[in-house]
Structure formats: structure tokens, C-alpha cells
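Each chain is listed here by its residues.
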Amino acid sequence: MQQLLETLSDHGIDAATVDEDGVVAVEVPCDEHGNRDCAQLLSQIEGWLAERGLPFVPEEQDDRILIRPPAG
């Protein structure tokens, strides 16, 4: 998770770890009203994860991007 947080920070994205149904995930706030556009941010995060080969799954959820480990 630390590498993921560092990657986001390197791109100017504030993020925090959260417990989401017993799974530690990274939450990035976004919305269409002044903050980062969720769809655009999701696309950027997917690209950064792919570039670094990080095995995380980002998804848009309730004005945030939730990045979690893949289901096992």
C-alpha cells in the first residue's frame, strides 16, 4: 500500500488508507463539483498502476476512487 500512496503523492493526489469491509484500501476523494473529475482521475490512476505493474483494482464509488487489492 505504501508504494501506491507514494505513487499517488508523486502525482499530486492526496489519498488515505481506509478499512472497507475488512479490506485495507486506498481512498481518493473526487467529484464533479470543484474537486478532480472522478472519471478522468480513475483513468489516470489505472494508467499509473499499469505503468508500475501494481496489482490494485481502482473503482469509482460515491464521489471517491477506491483502490483495493485484487480479490483472492
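From a predicted model like this one, the values you see are computed outputs, not experimental measurements.

What counts and what doesn't
Residues numbered from 1 in each chain as written. Predicted model: local features only at pLDDT ≥ 70, side-chain atom pairs only at ≥ 80, totals over all residues. Heavy atoms only, no water. Helix = DSSP H or I, 4+ residues; strand = E, 2+ residues; numbered from the N terminus. Expected span 1.5 Å × (residues − 1). Buried < 20%, exposed > 50% of the residue type's maximum accessible area, 1.4 Å probe, protein only. Arc of directions from axis to C-beta. Contact = heavy atoms within 4.5 Å.

Engineer: I'm lost on helix 2 (residues 38-52) in this one. Help?
Structural biologist: Structural remark: α-helix, 3.6 residues per turn; residues separated by three or four positions point the same way. The end-to-end C-alpha distance of helix 2, which contains 15 residues, comes to 21 Å, matching closely the 21 Å that a straight helix rising 1.5 Å per residue would cover. Within helix 2, the full set of buried residues consists of Cys 38, Leu 41, Leu 42, Ile 45, Trp 48 and Leu 49. Buried residues of helix 2, viewed axially, fall in a sector of 130 degrees; they line one side. For helix 2, the exposed residues lying more than 90 degrees away from the buried face are Ala 39, Ala 50 and Glu 51. On its buried face, helix 2 sits against helix 1 (2-10), strand 2 (23-29), strand 3 (57-60) and strand 4 (64-68). Looking one or two residues past helix 2, Gly 53 carries a phi angle of roughly 65 degrees, positive in sign.

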